[in-house]
Amino acid sequence: MRVVLVVLAVAVAVLYFTFGLRAGAATFTPLYLLNAQGQSSYPFRTYQTGKLTVTGGCQGRSGQATLRLLAPDGTELSAVLCRQGNWSLDMNGSGEAGTYLLNVEYQHYTGRLELNAVY
């Protein structure tokens, strides 16, 4: 049993130092992050021409997270930088129907991220 606990502790430590720890789903529930690194992408599908608004908030304790809203053709529509402190998110995109993509790039980010989409 001790061996299993040691192996589990080593696995969690490796995850922490390489990718960070993440709990939650940003578009459904708040996403809690601990030393998060790398990128995440969240697609938002629109079926008619109009406006897409991504709102929410981020509460950072350390590091930074960069959020970029991309149009279906790949052009950047809006960007927000979450650093230490409480920040509100209000990213707007409008245009053709298709899949809008929200890319989030983490750099040793520790905090909470919450996203809501309004079509």
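Residues numbered from 1 in each chain as written. Predicted model: local features only at pLDDT ≥ 70, side-chain atom pairs only at ≥ 80, totals over all residues. Heavy atoms only, no water.

Student: Help me understand the overall build of the protein, please; the structure alone is not making it clear to me.
Tutor: Helix and strand content of the protein: one helix and six strands. Tracing the protein from N to C terminus, the helices and strands come up as α-β-β-β-β-β-β. The 119 residues of the protein split such that 34% are buried. Contacts in the protein between residues at least 24 apart in sequence constitute 68% of all its contacts with a sequence separation of at least 6. As presented, the protein carries roughly 7100 Å² of accessible surface, and 58% of it is formed by carbon and sulfur atoms. Across the protein, 8 positive and 6 negative side-chain charges occur, with their mean positions spaced 14 Å apart. (Helix = DSSP H or I, 4+ residues; strand = E, 2+ residues; numbered from the N terminus. Buried < 20%, exposed > 50% of the residue type's maximum accessible area, 1.4 Å probe, protein only. Contact = heavy atoms within 4.5 Å. Areas by Shrake-Rupley, 256 points an atom, 1.4 Å probe, with all protein chains shown as cover. Lys, Arg positive; Asp, Glu negative; His and termini not counted. Charge placed at Lys NZ, Arg CZ, Asp CG, Glu CD.)

Student: Where do I start with the environment of G56 in this structure?
Tutor: Checked against the element boundaries, G56 lands in strand β3 (residues 50-70). For the pair G56 and E96, spaced 40 residues apart in the sequence, the C-alpha separation amounts to 23 Å. Not counting residues up to four positions away in its chain, the partners in contact with G56 are W87, S88, L89, E114 and N116.

Student: Quick question: what am I supposed to make of the state of the cysteines here?
Tutor: Each disulfide consists of a covalent bond between the sulfur atoms of two cysteine residues. One pass over the full model with this rule turns up one disulfide. Between the sulfur atoms of C58 and its disulfide mate C82 the distance is 2.1 Å. Here the disulfide of C58 and C82 is left-handed, its torsion about the S-S bond being about -90°. With C58 in strand β3 and C82 in strand β4 (residues 76-82), this residue pair connects regions lying 24 residues apart in the sequence. Here the two residues C58 and C82 agree in accessibility, since each one is buried. (Disulfide = S-S within 2.5 Å.)

Student: What's the story with the nonpolar core in this structure? I'm lost.
Tutor: It is characteristic of soluble globular proteins that their nonpolar side chains tend to be buried jointly. Grouped together as the largest cluster of nonpolar side chains are 24 residues, with contacts concentrated most on Y42, L67, L102, Y106, L113 and L115. Listed by contribution, the elements that provide at least two residues to this core are β2 (31-46), β3, β4, β5 (85-95) and β6 (98-118). A total of seven residues in this core trace back to one element, the largest contributor, which is β6. For L102, the contacting residues outside a window of four places in its chain are S40, S41, Y42, F44, V54, L67, R68, L69, M91 and L115. (Core = buried A, V, L, I, M, F, W, Y, C linked by side-chain atoms within 4.5 Å.)

Student: Help me out: how do you make sense of the side chain of N35 in this one?
Tutor: Note that N35 resides in strand β2. Residue N35 is classed as buried on the basis of its relative accessible area, which comes to 11%. Filtering out sequence-adjacent residues up to four positions away, N35 remains in contact with Y16, F17, F19, G20, H108, Y109 and T110.

Student: What's the story with the environment of T66 in this structure? I'm lost.
Tutor: Of note, T66 is situated in strand β3. Each C-alpha atom, one on T66 and one on V104, is 5.6 Å from the other, the two residues being 38 residues apart in sequence. With sequence-adjacent residues up to four places away left out, T66 is seen in contact with V80, L81, N103, V104, E105 and Q107.

So yeah, pure geometry; function would need other evidence.
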